[in-house]
Every structure is written in structure tokens, then in C-alpha cells.
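So you can see what is in the structure, the chains are spelled out below.
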Amino acid sequence: MTSDDFSRSTAPADVVRRQYLASAHGDLEELRATLADDVEWTEMAGFPLAGTYRTPTGVTSAVMERLGADWDDWTAHDDTYVVDGENVVVLARYTATHKSTKKAIDVRVAHHFVVRGGMIVRFEQFVDTAKVRDAMTA
């Protein structure tokens, strides 16, 4: 598959991978391009940004922009994909350093995406929220 094919692919794993790449490069416009207009993006209870966000702009402003404001080099490193139809589960890890405490994290995470028609329609995060909160506490 050429990079042009990848950039237009509607295969669920390709759409999700483009979302991770856009996030890693801080390209919020490209990240929003992977999200359906009616996306439901849920950050886990106990996570600093816990809640469900809707719309591509709502997701990037409530999640990615806030993470960028509070953390240096926040990155989700995707490493294992499990695909079942429209469901994509990604095992990954977050790395970052909290801007005020200077504490680093390196924590495992699982993400569940639902992709329909080449767009992410639902996302749910699973993470050890205690490790993230510990890094935020002086």
C-alpha cells in the first residue's frame, strides 16, 4: 500500500492509525479529519479529563489541547491492534512529563475505537488513572 492509499483508506485500523500519527505530530486538523461529526469520545472516570466529548472540535479542544497545556511531550504510543469488523482495540502506552510537577509517566493503556464509513464514531479509554494522577501531584 502506498502512503497515498493509506491516507485514503477506510479500513478501520488505518483510520485509527492515522489518528495516532496525527496526534503524535500535534496535527489537530488531521486528527479531526478521522472523527465523525457525531463522535462520542470517552476519557475514563478518574482520568484528569474524564467525561464524554462530542464533535471533532469538542474532542480536540477538551482533550488534546488540554493535555498539551498540562503536559510536555504527551504521546500515545500504539503498538498492538486487535480488529474485529468495525471494532479496533489498541494496546498502547502514554508517555509525558507534567509541566508543573516535572514528573514523568510511562503507563499502559487500552483504547477501543468503533469505525464506520471510514470515520471514528466512538472511542473509550482504559488506563491506570492513579499513575497519571500521581504524576500530577507535587
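The structure we're discussing is the one just above.
Residues numbered from 1 in each chain as written. Predicted model: local features only at pLDDT ≥ 70, side-chain atom pairs only at ≥ 80, totals over all residues. Heavy atoms only, no water.

Focus on helix α4 (residues 56-70)
We apply this condition: In this description a helix means any DSSP run of H or I spanning at least four residues, a strand means any run of E spanning at least two, and both kinds are numbered starting from the N terminus. Helix span is expected to be 1.5 Å times the residue number reduced by one. We call a residue buried when its accessible area falls under 20% of the maximum for its residue type, exposed when it is over 50%, and partly exposed in between, using a 1.4 Å probe and counting protein chains only.
Here α4 spans 21 Å end to end across 15 residues, near enough to the 21 Å set by a 1.5 Å rise per residue. Along α4, the residues that are buried comprise Pro56, Gly58, Val59, Thr60, Ala62, Val63, Met64 and Leu67.

Describing the pairing of strand β5 (residues 104-116)
Put simply, the test is: In this description, strands pair whenever DSSP reports at least two bridges between them.
Sheet topology note: the strand β4 (residues 87-98)/β5 ladder contains 11 bridges and is antiparallel. Counterpart to leucine 91 in the pairing with β5 is alanine 110. The antiparallel hairpin formed by β4 and β5 contains five residues in its connecting segment, where lysine 102 sits at a positive phi of about 65°. Pairing geometry for β5 and strand β6 (residues 119-127), over eight bridges, is antiparallel. When the bridges of β6 are listed, phenylalanine 113 appears paired with phenylalanine 123.

Points about the pairing of β6
With four bridges connecting them, strand β1 (residues 35-43) and β6 associate as parallel partners. Bridging across to β6, threonine 42 finds its partner in glutamate 124. Following β5, the chain reverses through two residues before pairing antiparallel with β6; glycine 117 in that reversal takes a positive phi of roughly 60°.

Remarks on helix α5 (residues 129-136)
The line we're drawing: Each C-beta atom gives one direction from the helix axis, and the arc is the one those directions make. We call two residues in contact whenever any of their non-hydrogen atoms come within 4.5 Å of each other. Here a polar contact is recorded for every N or O atom pair within 3.5 Å, except that within protein the pair must consist of a potential hydrogen donor and a potential acceptor, and residues adjacent in sequence are included only if both atoms are side-chain atoms.
Among all positions in α5, only Thr129, Val132 and Ala135 are buried. Looking straight down α5, one finds that the buried residues subtend no more than 125° of arc, so they occupy a single side. Those residues of α5 that are buried lie in contact with β3 (71-84), β4, β5 and β6. The backbone nitrogen of alanine 130 lies 3.2 Å from a side-chain oxygen of the residue at the head of α5, namely aspartate 128.

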